[in-house]
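Observations on the three-dimensional arrangement
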Amino acid sequence: MHYLNYNYFFWDFDGVIKDSVNIKTKAFEELFQNSPPHIIHKISKHHLENGGMSRYEKIPLYMKFSNTKYIQQDIENNISLFSSIVTDKVINSNWVPGAKEILEKYFNDKTFYLITGTPKDEIDFILKSLGIEHCFKKVIGAPVKKNIAVKNIISEENIPNNQAIFIGDASSDYEAAKLNDIEFLLRIHEWNVNLQNKLTCKKIKNFL
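About the thresholds
Residues numbered from 1 in each chain as written. Predicted model: local features only at pLDDT ≥ 70, side-chain atom pairs only at ≥ 80, totals over all residues. Heavy atoms only, no water. 1 Å grid on protein atoms, 1.4 Å probe; cavity = no way out; pocket = protein on both sides within 12 Å on 5 of 7 lines; lining within 4 Å. Points joined across faces, edges and corners; volume = space filled by probe spheres on them. Helix = DSSP H or I, 4+ residues; strand = E, 2+ residues; numbered from the N terminus. Nonpolar A, V, L, I, M, F, W, Y, C, P; charged D, E, K, R; others polar.

1. Re the layout of surface pockets
Of the pockets and cavities examined, the largest pocket occupies roughly 490 Å³. Lining the largest pocket are 32 residues, with H47, L48, N50, G51 and G52 sitting closest to its centre. Elements with a minimum of two residues in the lining of the largest pocket: helix 1 (21-31), helix 2 (37-49), helix 3 (55-65), strand 2 (111-119) and helix 9 (193-198). The biggest single contributor to the lining of the largest pocket is helix 2, with four residues. A per-class count over the lining of the largest pocket returns eight nonpolar, 13 polar and eleven charged. Volume-wise, the second largest pocket comes out at about 310 Å³. Around the second largest pocket, the lining is made up of 20 residues, and of these G52, M53, E57, K145 and S172 lie nearest the centre. Put simply, the parts of the chain that give the lining of the second largest pocket at least two residues each are helix 3, strand 2, helix 7 (146-156) and helix 8 (171-179). Among the elements that make up the lining of the second largest pocket, the one with the highest residue count is helix 8 (five residues). The class makeup of the residues in the lining of the second largest pocket is seven nonpolar, nine polar and four charged.

In structure tokens:
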């Protein structure tokens, strides 16, 4: 079944609508630039292998990796610094080919939801800056877990499982689809090769 035959779409953002996965890798590296190289490598590797995990979970973990003594305020400072590093870069990053066209062409005929690990206020700002906020019926950001977000929407909106699909590029996207018994489409790119090899689901390089 072609993905456009579905009626309800759960979209991830980074790596699916915008090619922004590596921007966030670089931002984490910048945030922890004073750590030894092997720690920076460990942070980058973890980030790429856990694409859909939110920064609220990643930043305290990476502070532990780098053996930093910290208090809650330090975590909050790092989260806000991370946000200021990435926002403009994400807005200015390349579109995944065809993603914007699909959103603008079909948002009236299909129902689109955005489910992302980016905090809600930040993703709202990004969508508004890109002029695509009107394409989504609902936007759910961190700290809500993706599988919970999908579950709540399916239940609130009474969505038939066989008419819904999740388009993502990370294991948390796949899990959100699988746990809610809906179709999954993996957007493949150079940063999720391990996942590509692991999954036997439908795969897509771009939307053209």
